[in-house]
Amino acid sequence: MKLFDDQIPFMKPWVGDEEWQAMRDVISSGWVSQGPVVAEFEKVVAEYVGSRFAVAVNSCTSGMHLALRILGIKPGDEVLLPDSTCMANANAVMMAGAKPVFVDIDYQTGNLDPAVLEKYITPKTKALLGVDQVGIPAELDALAEITRSRGLHFVDDAATALGGKFKGKRLGGHGFPTTFSFHPRKTITTGEGGMLVSDDEALVNRARVLRSAGANVSDLVRHSAKGTIVQHYDEAGYNYRMTDMQAAMGIVQMKKIESILAQREKQARKYDKALLNVNHFVLPEIPDYIQPAHTSYFVKIHDDSPLTVTRIVDELASRGIASRHGIQPLHREPAFKNENYQDEMYPMTCKLAERSFFLPIYPGLPDASQDRIIDELLGIVKNQ
Ligand SMILES: *Cc1c(COP(=O)(O)O)cnc(C)c1O
């Protein structure tokens, strides 16, 4: 089946022979499940982001679920999260048994607006699951300050933002539990996969236990002891393990991360330059202390423009270019129909969903393809 034809796709993983070779080596080794290569991948990521520990898991969703569970989130609790994010965030909260409470965002950056956060806090609120949306680090200092002063836990979901920096320091290095995804749409990929990083040794140790069925020793430890160790289960756990094949791919991807980020940055600058003075568009204004990972590039249609996202996305598609509608509000999903959320509670999330779209941005996107995307987009604007 041919998945990538002569159209310009929305994204494409940047993988090649090195990943293939590394995965072959794992397969030849005879140890394909979670083992030594996962441990090595964890070390590489922890060091890169500046965290003491990292726990590899099979998805970012699993990582968030583990973090919330270990912090003691339980049925009856409320967890704040942005309304403008993917279902995975709400899923992780509900997997912990808690109720997701959606928070409106800042229209400028698409991230949480610390100024409105307090409005959503009730006596049942136990945590904030913050999100660094579409590769842009959120206002971490303000969010950390509010959660600290209100006695709430703060988990940062940096699924899309590995390599992004807040005030000079990489996400994951700011001291609160942080999660990353290795789905192909994120900075680096292992096909599927995720990582929970933290400086808290007790949290990390428990995450390792819950990741692997609740067993107090890992398969690798038992294997190394030639079966002389018998594992115990102090509590029920999950199977959230990553395989060594995926980790091998991840280690190779981490060697390329600076090039991946640089290519994305260059493409973002090129879009910025081409679109900055187009009256119909508004580009996100990111404060200079925030360095995005550029895993997405989003454009907003100016309030006074008659253009619509549907028209732009459909016209680009008819010209062989894939783009995407902005993030749709979670509160509107049928899964939450019994909660009686109203659009009026989320004006900025609704507006962003209606007025924003995403353009292709990924390592390996040829210059000529990006030029064509820009030309076609400007052509649509001109015909307006
Ligand atoms: C992609 C994404 C996730 C989910 O990651 P998985 O690895 O697919 O579980 C979570 N949060 C955000 C913000 C994402 O963009």
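Residues numbered from 1 in each chain as written. Predicted model: local features only at pLDDT ≥ 70, side-chain atom pairs only at ≥ 80, totals over all residues. Heavy atoms only, no water.

Colleague: Which residues make up the site of the ligand, and what values go with them?
Modeller: The environment of the ligand is made up of 16 residues, and the closest members are C60, T61, D157, S181 and K186. Between the ligand and K186 there is a distance of 2.8 Å, counted from an oxygen atom to a side-chain nitrogen or oxygen. Most atoms of the ligand, that is more than half of them, are within 2 Å of grid points of the largest pocket. Every element with two or more residues in the shell around the ligand is listed here: α3 (60–70) and α4 (87–95). Per-element tally for the shell around the ligand: the top contributor is α3, with 3 residues. Within the shell around the ligand, the residues separate by chemical class into 6 nonpolar, 8 polar and 2 charged. (Near = heavy atom within 4 Å. Polar contact = N/O pair within 3.5 Å; in protein donor to acceptor, adjacent residues only side chain to side chain. 1 Å grid on protein atoms, 1.4 Å probe; cavity = no way out; pocket = protein on both sides within 12 Å on 5 of 7 lines; lining within 4 Å. Sits in = over half its atoms within 2 Å of the grid points. Helix = DSSP H or I, 4+ residues; strand = E, 2+ residues; numbered from the N terminus. Nonpolar A, V, L, I, M, F, W, Y, C, P; charged D, E, K, R; others polar.)

Colleague: Mind laying out the nonpolar core, listing which residues take part and the relevant values?
Modeller: In this structure, F41, L162 and M195 are the most contacted members of the largest nonpolar core, which totals 90 residues. Element by element, the count of residues in this core is highest for helix α2 (residues 36–49), at 7 residues. In contact with F41, other than residues within four places in its own chain, are F182, I188, T190, M195, M242, A247, G250, I251 and M254. Grouped together as the second largest cluster of nonpolar side chains are 26 residues, L275, L283, I374 and V381 included. (Core = buried A, V, L, I, M, F, W, Y, C linked by side-chain atoms within 4.5 Å. Buried < 20%, exposed > 50% of the residue type's maximum accessible area, 1.4 Å probe, protein only. Contact = heavy atoms within 4.5 Å.)

Colleague: Before we move on, can you summarise the layout of surface pockets with the specific residues and values?
Modeller: A volume near 540 Å³ is recorded for the largest pocket. Surrounding the largest pocket, 30 residues form its lining, C86, Q133, T160, R185 and K186 being those nearest its centre. For the lining of the largest pocket, the secondary structure elements donating two or more residues are α3, α4 and β13 (324–325). In terms of residue count, the dominant contributor to the lining of the largest pocket is α3 (3 residues). Counted by class, the lining of the largest pocket contains 10 nonpolar, 14 polar and 6 charged residues. (Points joined across faces, edges and corners; volume = space filled by probe spheres on them.)

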